[in-house]
Amino acid sequence: MQKKAEPGNTQDLDAIIIGAGFAGLGMLWRLREELGMSAQVFEAGDDVGGTWYWNRYPGARCDSESYIYCLTFSKELLQDWNWSGKYPEQPEILSYINHIADRFDLRRNIQFNTRVASARFIEETNRWEVETDQGDRVTAQYLITGVGCISTSNIPEIKGRETFEGESYHTGAWPHEEVDFTGKRVGIIGTGSSGIQAIPVIAAQADSLTVFQRTPQYTIPARHGTVNRKFLEEEVKPNYEAILDKARRSKGGAPVEFSERLAVEATAEERKEAYEAGWAEGGHKFLWGSFKDIGTDRRANDTAAEFIRSKIRETVKDPETAEKLLPTDHPLGSKRALIDTDYFETYNRDNVELVDIRHSPIQEITPEGIRTEDDEHKFDMIVFATGFDAMTGTFLKMDIRGRDNLSLKEKWAEGPKTYLGLQVSGFPNMFMITGPGSPSVLSNMTISIEQHQDYIRDFIDYMRNNDVETAEADLDAESAWVDHVNKVAEPTMYMLADSWYLGANIPGKPRIFMPYAGGVGTYREKCNEIADNGYEGFILSGEVAEKVT
Ligand code: N01
């Protein structure tokens, strides 16, 4: 019988899972309950939650609507759980994840406060040997990563950073105790998804807030509020299966109908009407509900971008501040699409100042604050909303080695190479939940996570039923997939901005578009077709690729 999860483990298991967020928890349940396997989860935090355990900054919430941001493996859970907000807020998502862990008795196979330090594929036994920072040494046939795509926070190397004498926080590693901004002078660096959520909330509490902005953003009002109970009870719950089916076949993992109209064919009045309606309704519908060519035709994109700039000018009272907030150097949607609550309105507050660090770069952090080329700003607190070493950072912090002792770091030296974002050639029986090369961060994450969990479960089940000991991405299939991922991204707006999708936020990181931009529906079909063809592109049972780099 599998022992209870405790430090110092030396067990031999069927599977080791890294991470106890949505990905690791759903995987554990499937392997344990559906395949009857022994599985152990290692989790660095002291509780479940993953992304939602670490990202506790003020204003944190998900911008997939709550009714579709959920795990669906239990029909009862789907029916029982009641979200309170239109968009799920971080504390409620964390309660939801805790509820899942308790309801399905998942904690007994999770060892908390434990980081995987290394994972090595032992060719003699075809097993993975995993060592943790708590002295565990565990082996398993399968290694499954549920480490999240945006989980290694990035604090830029700014001169003097260590000298600051006040409090400082990164949004992605927020303390569990409440951070009180009352009466404080706060500086915040970064205006991505995290920054634009945190800024209005901090501004409402702090004595003063100074925002250091490098790239102005397009953001659309979320129009967040309480959930529409009638919609939930009468339209969603009785029809959950059909709604989920639509989400799974869609482009972004949400059950929505994209507009069929082209902005380039519409009149100026028609465009204005559509954009005004999208702005008033709020959320990402502004993009998918207005015109279908915003993401593909720069001329169409320019019309939507100009509309947002007009809204910024209209909202922000001080023309100089408004001008600094106008995004002009990248198309709409080329960085992560943003939705907000009172973001631009916040710049009308007397206690908020915007510093454009493109024109007055940060020179250093001093014991008392931040010095830019033009000014010295004194703070009690600095908040880094400066993002993550996304998609690959967390993998590369661990020493993962496949055949011939090849490290993942060497294998990915020029950027991540995967087959379907699920496997890496030379790393047999290692499966990644939402790895680079899958739609992951370009989709509603729970839909993508569960697609991978189901796929990995079915793959392992197939292996067990067919006496397959190892499954490993074929190098040619992997190269073809990497080429395909690049080709699909090439004509999109994503290639026209310096974003974390391209690794552009981390100095020295290879500039490669990491997620798959073909859409979750297309991707799912491709994965299913591969499974139907006997897991085409995977080498099954012992046949070994000659070259793995
Ligand atoms: O990080 P980001 P994030 N000096 O990388 C700036 C998900 N998420 O934590 O744009 C000065 O987007 C950087 O400037 P620039 C979501 O997928 C989802 O906000 O690179 N500034 C940018 O303004 C999201 O995309 C949700 O020029 C520096 C900011 O810091 C992802 O997480 C909520 C700098 C970083 O923005 C990451 O979002 C939150 C430097 N050296 C997060 N380095 C929801 O679902 C970076 N910046 C709602």
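Residues numbered from 1 in each chain as written. Predicted model: local features only at pLDDT ≥ 70, side-chain atom pairs only at ≥ 80, totals over all residues. Heavy atoms only, no water.

Turning our eyes to something else, we now look at the sheet that holds strand E14 (residues 369-372). Adjacent strands of a sheet form backbone hydrogen bonds with each other and so pair up, either parallel or antiparallel. In space, the three strands of this open sheet follow the order E13-E14-E15, with antiparallel pairing throughout. Whereas interior strands pair on both sides, the edge strands pair on one side only; in this sheet they are strand E13 (362-366) and strand E15 (376-378). For this sheet, the mean angle separating the axes of adjacent strands, direction not counted, is 20 degrees. Judged from the four bridges that link them, E13 and E14 form a sheet pairing that is antiparallel. Residue pairing for E14: Ile365 is matched across the bridge by Ile370. (Pairing = 2+ DSSP bridges. Helix = DSSP H or I, 4+ residues; strand = E, 2+ residues; numbered from the N terminus. Axes fitted to C-alpha atoms, helices over the stretch in contact; angles between N-to-C directions.)

As a further point, take the sheet that holds strand E16 (residues 381-384). The five strands lie next to each other as E7-E16-E8-E9-E12, forming an open sheet whose pairing is parallel. Each edge of the sheet is formed by a strand with only one pairing partner; in this case those strands are strand E7 (167-170) and strand E12 (352-356). Neighbour-to-neighbour, the strand axes of this sheet turn through a mean angle of 15 degrees, independent of strand direction. Judged from the five bridges that link them, strand E8 (residues 185-189) and strand E9 (residues 208-213) form a sheet pairing that is parallel. Across the sheet, residue Arg185 finds its bridge partner in E9, namely Ser208.

Split into domains, the protein comes out as domain 1 (10-152 + 390-540) and domain 2 (161-226 + 252-384). The straight-line distance from the C-alpha centre of domain 1 to that of domain 2 is 30 Å. Listed per partner, the contact involves 30 residues of domain 1 and 42 residues of domain 2. Between domain 1 and domain 2 lies a buried interface of about 2800 Å² when both sides are counted; carbon and sulfur atoms form 54% of it. If you sort the residues of domain 1 by the area they bury against domain 2, Tyr57, Asp63 and Met493 come out on top, with a joint share of 25%. Here the residues of the side of domain 1 that touches domain 2 sort into 16 nonpolar, seven polar and seven charged. (Domains from an automatic or database assignment. Contact = heavy atoms within 4.5 Å. Buried area = accessible area lost by both parts, 1.4 Å probe. Nonpolar A, V, L, I, M, F, W, Y, C, P; charged D, E, K, R; others polar.)

At a minimum axis separation of 10 Å, helix H1 (residues 22-34) and helix H15 (residues 445-465) run at an interaxial angle of 30 degrees. On the basis of their axis angle, the class for H1 and H15 is roughly parallel. Classified by chirality, the crossing of H15 by H1 is right-handed. Each of Phe22, Ala23, Gly26, Met27, Arg30, Leu31 and Glu34 in H1 lies in contact with H15, whose residues at this interface are Thr446, Ile449, Glu450, Gln453, Asp454, Ile456, Arg457 and Ile460. Residue composition of the contact of H1 with H15, by class: seven nonpolar, three polar and five charged. (Parallel < 35°, antiparallel > 145°, perpendicular 65-115°, else oblique. Left-handed = near helix turned anticlockwise from the far one by under 90°.)

Moving on, we get to the packing of helix H8 (residues 268-281) against helix H10 (residues 298-315). Two elements in contact, H8 and H10, have axes whose closest approach is 11 Å; the angle formed by their N-to-C orientations is 55 degrees. The angle between the axes of H8 and H10 places the two elements in the oblique class. Like other packed secondary-structure pairs, H8 and H10 cross with a definite hand, here right-handed. Side by side, H8 and H10 meet where Arg271, Lys272, Tyr275, Glu276 and Trp279 of the first sit next to Ala300, Thr303, Ala304, Phe307, Ile308 and Lys311 of the second. Broken down by class, the residue content of the contact of H8 with H10 amounts to six nonpolar, one polar and four charged.

For the rest of this paragraph, the subject is unusual backbone geometry. Not every positive phi belongs to a glycine, and Asn405 is a case in point at roughly 60 degrees. Tracing the sequence through the fold places Asn405 in the loop between strand E17 (399-401) and helix H14 (408-411). A relative accessible area of 44% places Asn405 in the partly exposed class. (Buried < 20%, exposed > 50% of the residue type's maximum accessible area, 1.4 Å probe, protein only.)

With that out of the way, let us pick up the site of the ligand. Looking at the ligand, there are 23 residues lining it, with Thr191, Ser194, Arg214, Thr215 and Lys335 nearest. Separating an oxygen atom of the ligand from a backbone N or O atom of Ser193 is a distance of 2.9 Å. Ala385 has a polar backbone atom sitting 3.2 Å from an oxygen atom of the ligand. Coverage of the ligand by the protein amounts to 88% of the 910 Å² it exposes when considered alone. For the shell around the ligand, the element with the most residues is helix H5 (residues 193-205), which contributes three residues. For the shell around the ligand, the two domains that each supply at least three residues are domain 1 (10-152 + 390-540) and domain 2 (161-226 + 252-384). (Near = heavy atom within 4 Å. Polar contact = N/O pair within 3.5 Å; in protein donor to acceptor, adjacent residues only side chain to side chain. Areas by Shrake-Rupley, 256 points an atom, 1.4 Å probe, with all protein chains shown as cover.)

We now examine the environment of Glu270. Within the secondary structure layout, Glu270 lies in helix H8. Judged by relative accessible area, which is 39%, Glu270 ranks as partly exposed. It is 41 Å that separates the C-alpha atoms of Glu270 and Gly148, two residues lying 122 residues apart in sequence.

Glancing now at helix H17 (residues 520-532). Relative to the 18 Å expected for 13 residues at 1.5 Å per residue, H17 spans 18 Å between its end C-alpha atoms, a close match to the ideal helical length. What H17 keeps buried is the set Val520, Gly521, Tyr523, Arg524, Cys527, Ile530 and Ala531. Buried residues belonging to H17 abut helix H7 (240-249), H15, helix H16 (475-489) and strand E20 (538-540). Once H17 ends, the next one or two residues include Gly534, with phi positive near 70 degrees. (Expected span 1.5 Å × (residues − 1).)

By secondary structure assignment, the location of Thr346 is in helix H12 (residues 343-346). For Thr346, a relative accessible area of 4% translates into the label buried. Setting aside chain neighbours within four positions, we find Thr346 in contact with Ile199, Pro200, Ala203 and Val352.

Along E13, four of the five residues are buried, which leaves the element largely enclosed by surrounding structure. Once E13 ends, the chain turns through two residues before running back antiparallel as E14.

Checked against the element boundaries, Ser334 lands in the loop between helix H11 (319-325) and strand E11 (338-340). From its side chain, Ser334 meets the backbone oxygen of Pro331 in a polar contact 2.6 Å long.

This part takes up the packing of aromatic side chains. Summed over all chains, the structure comprises 39 aromatic pairs. A ring pair is formed by Trp279 and Phe307, whose centres lie 6.0 Å apart and whose planes are at 75 degrees; its orientation type is edge-to-face. With a gap of 28 residues between them, Trp279 in helix H8 and Phe307 in helix H10 connect regions that are remote in the sequence. Looking at Arg56, its charged tip hangs above the ring of Tyr53, at a distance of 5.1 Å from the centre. (Phe/Tyr/Trp six-rings, centres within 6.5 Å; stacked < 30°, edge-to-face > 60°. Lys NZ or Arg CZ within 6 Å of the ring centre and 35° of its normal.)

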